[in-house]
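# Results of the structural survey
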Amino acid sequence: MLIRFAVSNFLSFDQQEELSLLCGKARKHSDRLYSNRRLKLVKCEALFGANGSGKSNLIEALQFTQDTIKDGFPQNFSNKYHRLKEENRLKPSEFETEFICSNQRFCFGFNAILNTGSVLNEWLYEISSSGKKRFLYTRNIGDETFTIGDYFKKKDSISKLLNYGEDSADDHENLFLTIINKSKGKMFSDYPELKILRDIYLWFTLKLNISTPEGMLTGYPYFTNSNLDEIAELLNALGTGVTQLKFVDIPQEIVENKIPKDIYNQITADLEKKNIRAQKEGNNQHPATVVRARKEFYTFEIDANNNISIQTIEFSHENNNIYFQLQEESDGTARLFDLIEILFRVSNDSIYIIDEIDRCLHPAMTTKIIQTFLEMAKKRNTQLIITTHESRLLKEDIFRNDEISFLLKTNNGSTIIKSLDMYQLRADKKVYEALFDGTLNALPHFNEKLIHHVLSQ
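Just so it is clear, the model here is predicted, and its values are computed rather than measured.

Here the focus is the environment of Thr178. Here Thr178 lies in helix α3 (residues 176–182). Accessibility expressed as a relative area gives 4% for Thr178, which makes it buried. Through-space distance from the C-alpha of Thr178 to that of Leu197 is 9.7 Å; in sequence the pair is 19 residues apart. With residues up to four places along the chain from it excluded, the contact list for Thr178 reads Thr68, Ile69, Lys70 and Gly72.

For the rest of this paragraph, the subject is the state of the cysteines. Covalent bonding between the sulfur atoms of two cysteines defines a disulfide. Applying the stated criterion to the full structure yields zero disulfides. Of all cysteine sulfurs, the one in Cys23 lies closest to Cys44, which takes part in no disulfide; the gap is 14 Å. Accessibility expressed as a relative area gives 0% for Cys44, which makes it buried.

Next up on the list: the environment of Glu396. Topologically, Glu396 is positioned in the loop between α11 (392–395) and β20 (404–409). Among the residues examined, Glu396 registers a relative accessible area of 45% and is labelled partly exposed. For the pair formed by Glu396 and Thr367, sequence separation is 29 residues and the distance between their alpha carbons is 8.2 Å.

The next point concerns the sheet that holds β20. As summarised here, the arrangement of the six strands in space is β11-β18-β19-β5-β20-β21, forming an open sheet in which the pairing is mixed. Two strands bound the open sheet, and with one partner strand each, they are β11 (208–211) and β21 (415–419). The average undirected angle you get between the axes of adjacent strands in this sheet is 15 degrees. One ladder, built from four bridges, connects strand β5 (residues 44–48) with strand β19 (residues 383–387); its direction is parallel. The residue of β19 that forms the bridge with Glu45 is Ile385. Its contacts with the sheet place helix α1 (residues 55–71) against β5, β11, β18 (351–354), β19, β20 and β21, and it is angled at close to 135 degrees to β11.

Before going further, it helps to examine unusual backbone geometry. The phi dihedral of Asn9 falls on the positive side, at around 50 degrees, and the residue is not glycine. Looking at where Asn9 falls in the secondary structure, it is placed in the loop between β1 (2–8) and β2 (17–20). Note on Asn9: relative accessible area 3%, which makes it buried. The phi dihedral of Glu356 is positive, around 55 degrees, even though this residue is not glycine. Mapped onto the elements of the fold, Glu356 is located in the loop between β18 and α10 (363–376). Among the residues examined, Glu356 registers a relative accessible area of 31% and is labelled partly exposed.

The subject of this paragraph is the sheet that holds strand β9 (residues 133–140). Spatial ordering of the open sheet is given by β2-β1-β6-β7-β8-β9-β10, a layout of seven strands whose pairing is antiparallel. Each edge of the open sheet carries a strand with a single partner, namely β2 and β10 (145–148). The mean inter-strand angle of the sheet, taken between neighbouring strand axes irrespective of direction, is 10 degrees. Here strand β7 (residues 104–113) pairs with strand β8 (residues 118–127) via nine bridges, running antiparallel.

A side chain with one charge can pair with a side chain of the opposite charge if their charged atoms come near. Within this structure, the stated rule accounts for 19 salt bridges. Of the charged contacts, one joins Glu86 and Arg89 as a salt bridge, the two residues approaching to 3.3 Å between their closest N and O atoms. In this structure Glu86 comes out as exposed when scored by relative accessible area, which is 55%. With a shortest N-O distance of 2.8 Å, Glu126 and Arg134 are connected by a salt bridge. Residue classification places Glu126 among the buried positions, given a relative accessible area of 10%. One connected set of salt bridges, linked through shared partners, spans Arg4, Glu18, Glu96, Glu98 and Arg105.

Before going further, it helps to examine helix α5 (residues 195–207). The end-to-end C-alpha distance of α5, which contains 13 residues, comes to 17 Å, matching closely the 18 Å that a straight helix rising 1.5 Å per residue would cover. For α5, the set of buried residues is Ile196, Leu197, Ile200, Tyr201, Trp203, Phe204 and Thr205.

Attention now moves to a nonpolar patch on the surface. Taken together, the side chains of Phe446, Leu450, Ile451, Val454 and Leu455 define a hydrophobic patch exposed on the protein surface, amounting to about 540 Å² of accessible area. Owing to a relative accessible area of 47%, Leu450 belongs among the partly exposed residues under this scheme.

This next bit is on the side chain of Arg139. Along the chain, Arg139 falls in strand β9. A polar contact is formed between the side chain of Arg139 and the backbone oxygen of Ser168, at a distance of 2.7 Å. Leave out the neighbours within four places in its chain, and Arg139 touches Leu120, Asn121, Glu122, Thr145, Phe146, Ser168, Ala169, Asp171, Asn174, Leu175, Phe176 and Ile179.

Reading the values: the criteria
- Residues numbered from 1 in each chain as written.
- Predicted model: local features only at pLDDT ≥ 70, side-chain atom pairs only at ≥ 80, totals over all residues.
- Heavy atoms only, no water.
- Helix = DSSP H or I, 4+ residues; strand = E, 2+ residues; numbered from the N terminus.
- Buried < 20%, exposed > 50% of the residue type's maximum accessible area, 1.4 Å probe, protein only.
- Contact = heavy atoms within 4.5 Å.
- Disulfide = S-S within 2.5 Å.
- Pairing = 2+ DSSP bridges.
- Axes fitted to C-alpha atoms, helices over the stretch in contact; angles between N-to-C directions.
- Salt bridge = Lys/Arg side-chain N within 4 Å of Asp/Glu carboxyl O.
- Expected span 1.5 Å × (residues − 1).
- Patch = residues over 30% accessible without salt bridge, like charges linked within 9 Å, V, L, I, M, F, W, Y side chains within 5 Å.
- Areas by Shrake-Rupley, 256 points an atom, 1.4 Å probe, with all protein chains shown as cover.
- Polar contact = N/O pair within 3.5 Å; in protein donor to acceptor, adjacent residues only side chain to side chain.

Encoded structure:
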């Protein structure tokens with residue numbers, strides 16, 4: 001579960017801004033909160049804001065954090081600092097995530113000067129139910145120091161971790177969390193106490209599922225032959241007209257021409273690595289993954305001899321003897337493929353972050369998806385964070401106040417995050433009305449005089 005995420009000096013974020021999923025004082029729909037000891041979290045957060053307010057930048061900050069932990073700084077990172085201030089070029093950008101992993105509360109963060117690609121500091125600590133911090137480690141690259149906190153108790157574990165930490169103390173290009181999970185896999189079996197570092201890495205790389213409008217996605221564990229009937233049934237219930245789905249084989253050369261070469265190579269390399277691990281563990285299952293672009297959908301599977309087969313999904317409507325490819329379906333049906341997994345059981349203990357959830361969907365469809373998720377949130381610990389322009393979601397009054405945040409642009413062009421709870425609306429004031437009467441100050445600002453001047457020329 002995600003507790004909070006903070007970011008500064010990144011894209012439109014200047015000073016530190018925080019997205020919090022801690023519940024507020026609202027009482028309605030308390031049956032869909034996550035509750036553990038003294039901690040209560042919302043399972044859904046809807047982010048509203050005008051065009052250019054910074055909603056997508058917040059999603060990109062989360063994506064940047066995930067990418068950096070997984071493989072190091074992503075492409076084109078050096079100009080991602082808040083460039084509206086020239087002095088920010090050589091100031092650190094900071095990213096901090098508080099979350100629940102292995103039933104424990106942790107906080108992981110790092111800062112770096114993006115313009116030079118230099119990590120400065122990195123920290124990881126546990127937070128007890130009473131709020132006490134127990135550090136796993138801290139790392140200061142400028143001083144070339146690596147410090148073990150009081151979380152680990154066994155001397156051999158501490159000694160091993162300290163050796164690896166000191167070896168990487170001057171590595172300003174990579175996070176220690178990345179280093180320890182990329183090349184020291186055997187350490188976790190030899191020193192079980194250190195396995196929490198692996199669990200935290202997997203939380204960031206596997207539990208966070210981030211969807212952007214034009215991004216190519218991998219994952220979709222629910223899309224298997226055994227689940228196609230259930231998926232088709234739900235698509236039909238949502239009014240798409242789809243009645244059946246089936247997998248069909250597709251030649252590799254066709255897929256190679258439709259997927260960027262670097263992504264295709266990465267997919268096949270990852271499958272080969274998974275195959276090696278599976279064989280070492282005596283696992284006879286064939287590793288597989290699903291790749292999804294806007295109107296493309298492919299399942300990759302590798303056998304024991306490293307032969308890769310690729311399939312795609314075809315759709316049947318009212319006539320079950322005629323099948324259509326995804327590119328022949330409506331944009332709305334294709335969009336549902338990005339969203340449908342959040343409604344199934346496989347989503348438990350995952351965090352779905354979806355930019356522009358309402359893209360290509362009828363307003364009633366967007367509302368139904370959200371309502372269905374919120375109903376199912378009573379039974380499972382899945383979180384959904386969305387950005388949207390669909391103001392009618394506010395009119396339906398389906399959210400708690402602490403499930404709504406607004407991203408606003410300041411006069412100097414930076415983004416701030418403001419939870420609806422911070423506005424302290426009157427009990428009789430409707431959120432939808434407050435949005436349009438100016439109370440929330442979250443609508444686009446139009447220069448009517450300039451518009452008239454431009455159009456009258």
